[in-house]
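# Commentary on secondary and tertiary structure
What follows is the residue order along each chain.
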Amino acid sequence: MNVEYFISKRIISAKENKNVFSRPIIRITISAIALSVAVMLISLSVLDGFKSEITNKVISFGSHIQISAIQKSDDYYKVPVSVNDTLINSIKNENNVHHIDGVIYNFGLIKTNDEFLGINLKGVSSDYNFDFFRENLIPGGDFDPDCDSSILISSNIASKLKLDTGSKINIYFPNISDEKINVRPFYISGIYNTSMEEFDAQLALVNIENLIKVNNWNQNQVEILVITLSDFEKLDESTINLMTSIDDYYKYDVSSITDLYPQIFDWLNLQDVNVRVIIILMLLVAGVNIVSSILILILEKTKLIGILKSLGLSNWSVRKVFLYNSMYLISKGLLYGNVLGFTLLMLQQKFNIISLDEKSYYMKTIPISFDISSILFLNIGTLLICFLMMIVPTIVITKISPIKAIRFQ
């Protein structure tokens, strides 16, 4: 039988005595550990949710990787990408490629009876993944990519021009090579709102055939090939592979989403620093409390320490008694902290209790994401760090003399 563990259990059960001096200190210690764990858990889950939400929105607007023709300094017009089987097959050689779409961007000017506004039109085909936009559609509309006259605009654009679903608009396409302005009529089939002000303020979706005709391109020509990957974690690796594996790679510019929007992803990476600071501070709070608790417990049990030493227990054996005792406190704090943290997180996830400023944070409420590996690492890391911090104060036990301890009052 493990003698140290047995003695530790007896000490723990003795805490049920209300007259024990250390009882309020123990409660404070468990509460501090629980609160620290809950704060760390909430910080990690909110950060993961926030980064995941923003990343998914940016990717939905631009895809994981974009391939475009290299523009020379003397190119007066946009150079299209000619889509052929050789190019597509060379792209598909990268195993991480999930889907390929062709898109065209073009500037247009919307003019109504009272207002006008310049927008960026994105021409897409029926094969394009519209799940993201449909999830963010304002009720009462939809987008039919097969319809030439259908257009999907943002609530930002609709608000500025006082438009609604079903409204007819004319879009003017300036043509530098021709004095005649190309005008095309559209009917607003849907209005979306993603809370991404940078994109919502100017982006509208139309059938790609419209922009092919505006640019006088062939049916197999697009401005950009947008590539969706199976695993976002391999983004950099896949980008490098595509740079060298596609046919006539020197003719194309291959850019990842992080290259296209570095300011957004750099901002997201800065959030990691804030969470690291919070975690370090919470670990210090938990560590200081457990150290204080064990020192008070040693002081209270000085006479017991003397008796154990006089019975032949080594210093390390006596220290193990208090280490077992402290591990019990930490485990209890971890349990309560996880229960508290998960309860608050699930309430936020289900009821969206805390809201955010959409213009500043690109979303209406605080997003929550549960990363099991991060949660396990957090709990195990807290347990180990607190355990290591407990070893130092138990050194005091080696300085206690059995004779003086037995006489200690």
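See the structure above.
Residues numbered from 1 in each chain as written. Predicted model: local features only at pLDDT ≥ 70, side-chain atom pairs only at ≥ 80, totals over all residues. Heavy atoms only, no water.

## Comments concerning the overall build of the protein
Let me state the cut-off plainly: Only DSSP runs of H or I reaching four residues or more are called helices, and only runs of E reaching two or more are called strands; each is numbered from the N terminus. A 1.4 Å probe rolled over the protein chains alone gives each residue an accessible area, and that area as a share of the maximum for its type sets the label: buried under 20%, exposed over 50%, partly exposed in between. Between two residues, a contact is recorded if the distance between any of their heavy atoms is within 4.5 Å.
A count of helices and strands for the protein gives 15 helices and 11 strands. Overall, the C-alpha framework of the protein stretches about 105 × 50 × 35 Å when taken along its three principal axes. Classification of the 409 residues of the protein by burial places 45% in the buried group. The contacts of the protein with a sequence gap of at least 6 include a subset with a gap of at least 24, amounting to 78%.

## As for unusual backbone geometry
A positive phi is found at Lys-162, a non-glycine position, where the angle reads about 55°. Positive phi, close to 70°, is recorded for Ser-195, a residue that is not glycine. With respect to the helices, strands and loops of the structure, Ser-195 is situated in the loop between β7 (182-192) and α6 (197-200). With a relative accessible area of 9%, Ser-195 lands in the buried category.

## What about the pattern of salt bridges?
To keep it simple, the criterion reads: Salt bridges are defined as contacts in which a side-chain nitrogen from Lys or Arg sits within 4 Å of a carboxyl oxygen from Asp or Glu.
Across all of its chains, the model carries four salt bridges by this definition. The salt bridge involving Asp-272 is made with Lys-51; its shortest N-O contact spans 3.1 Å. Of this pair, Asp-272 sits in helix α10 (residues 262-300) while Lys-51 sits in helix α2 (residues 23-62), and the two are 221 residues apart along the sequence. On the basis of relative accessibility, which here comes to 17%, the residue Asp-272 falls in the buried class. Assessed through its relative accessible area of 22%, Lys-51 is described here as partly exposed. Between Asp-142 and Arg-134 there is a salt bridge, with the nearest N and O atoms lying 3.2 Å from each other.

## Notes on helix α3 (residues 85-92)
Using the following cut-off: Each direction from the helix axis to a C-beta atom contributes to the arc, which is the arc of those directions.
Every buried residue belonging to α3 is among Leu-87, Ile-88, Ser-90 and Ile-91, and all of these are buried. Burial along α3 is one-sided: seen end-on, the buried residues are contained in an arc of 165°. Relative to its buried face, α3 has exposed residues pointing more than 90 degrees away, namely Asp-85 and Lys-92. On its buried side, α3 packs onto β1 (65-69), β2 (81-82), β3 (97-111), β10 (224-229), α8 (235-245) and β11 (252-256).

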